[in-house]
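# Tertiary structure, described
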Amino acid sequence: MHDGTPSSQAPAADVTERLGYRLKRTAATLRSALDRALREYGLTVPQYACLELLDQRPGLSNAELARGTFVTRQSMNVVLRGLQEAGLITRPATTDRGRALPAHLTEEGHRRLAEARSAVYAIDQRMTGAVPERRLAELLADLDRMAAALDGWNGPGENGRA
């Protein structure tokens, strides 16, 4: 059983056997499937993720949306501009408080999200269906623990460890 302390693992003879490689391959395959599916709806993955977040929490700012969609604030500016030009979101030209411009879905934004959501959920279900149901909750918890273990970590040598 692993107790959470770092181990001194030797380099893998085959990098494709490493956990990080497998996670990256899975993420890349997921992204490719999402890109193909969302193209039919005229959306990119970050645009879709932005619409989902705004559906759940209307009025989020650029910075909040960037954090929630794993893109930079600069990239989120481009995403929001594209969504606004497509008539899928609205943002005020100015705001009374601070610099944040809260975004909201338009009626067309809600419609496009609903259409695209079924394709995205089908991809998620296909991926989830590849994991035996009895192991899914444990896998999700493991993924959360892995993300938490790396969150804020500055790399090898931190805290005197290699």
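A brief report on the enclosed structure follows.

Conventions used here
- All residue numbers refer to position in the chain's written sequence, counted from 1.
- The model is predicted, so local features are restricted to residues of pLDDT at least 70 and side-chain atom pairs to those at 80 or more, both for listing and for counting; the totals for chains, interfaces and linings are taken over all residues.
- Hydrogens and water molecules were not included; the side-chain quantities draw on all heavy atoms of the structure.
- In plain words, nonpolar cores are sets of buried Ala, Val, Leu, Ile, Met, Phe, Trp, Tyr and Cys residues tied together by side-chain atoms within 4.5 Å.
- Only protein chains enter the area calculation, which uses a 1.4 Å probe; residues under 20% of their type maximum are buried, those over 50% are exposed, and those in between are partly exposed.
- Helix and strand assignments follow DSSP, with helices taken as H or I runs no shorter than four residues and strands as E runs no shorter than two, numbered in order from the N terminus.
- Every residue pair with non-hydrogen atoms within 4.5 Å of one another is taken to be in contact.
- As used in this structure description, the phrase polar contact means that two N or O atoms lie within 3.5 Å; if the pair is within protein, one of them must be able to donate a hydrogen and the other to accept it, and residues adjacent in sequence are counted only when both atoms belong to side chains.
- Salt bridge criterion: a side-chain nitrogen from Lys or Arg within 4 Å of a carboxyl oxygen from Asp or Glu.
- Where helices are involved, their axes are fitted lines through C-alpha atoms of the stretch in contact, as for all axes, and angles between N-to-C directions lie from 0 to 180°.
- Working rule for angles: under 35 degrees goes down as roughly parallel, over 145 as roughly antiparallel, 65 to 115 as roughly perpendicular, anything else as oblique.
- Helix crossings are classified by the rotation of the near helix relative to the far one: an anticlockwise turn of less than a right angle makes the crossing left-handed, while a clockwise turn makes it right-handed.

Here we take up the nonpolar core. Most often, soluble globular proteins keep nonpolar side chains buried together rather than apart. Within the largest apolar cluster, 28 residues are counted, with the highest numbers of intra-cluster contacts made by Leu43, Cys50, Leu51, Leu54, Leu65, Leu83 and Ile89. Sorting the residues of this core by element identifies helix H1 (19-39), helix H2 (45-56), helix H3 (62-69), helix H4 (73-85) and helix H5 (107-129) as the ones contributing at least two each. For this core, the element with the most residues is H2, which contributes 6 residues. Setting aside chain neighbours within four positions, we find Ile89 in contact with Leu51, Leu54, Leu80, Leu83, Gln84, Ala103, His104, Leu105 and Thr106.

Once that is clear, we can look at the environment of Glu108. On the secondary structure map, Glu108 appears in helix H5. Measuring from C-alpha to C-alpha, the distance between Glu108 and Gly87 comes to 6.7 Å, with 21 residues separating the pair along the chain. Beyond its immediate stretch of four places on either side in the chain, Glu108 contacts Gly87 and Leu88. One polar contact links Glu108 to Arg111, side chain to side chain, over a distance of 2.4 Å.

Take the pattern of salt bridges next. Inspection of every chain in the model, using the stated rule, returns 8 salt bridges. Of the charged contacts, one joins Arg117 and Glu52 as a salt bridge, the two residues approaching to 2.9 Å between their closest N and O atoms. Of this pair, Arg117 sits in helix H5 while Glu52 sits in helix H2; the two residues are 65 residues apart in sequence, bridging distant segments of the chain.

This part covers the packing of H1 against H5. Remark: H1 packs on H5, axes separated minimally by 10 Å, with the N-to-C direction vectors making an angle of 150 degrees. When the interaxial angle is binned, H1 and H5 end up roughly antiparallel. Between H1 and H5 lies a crossing whose hand is right-handed. Seen from H1, the contacting residues are Thr26, Leu30, Ala33, Leu34, Ala37 and Leu38; seen from H5, they are Ala116, Ala119, Val120, Ile123 and Met127.

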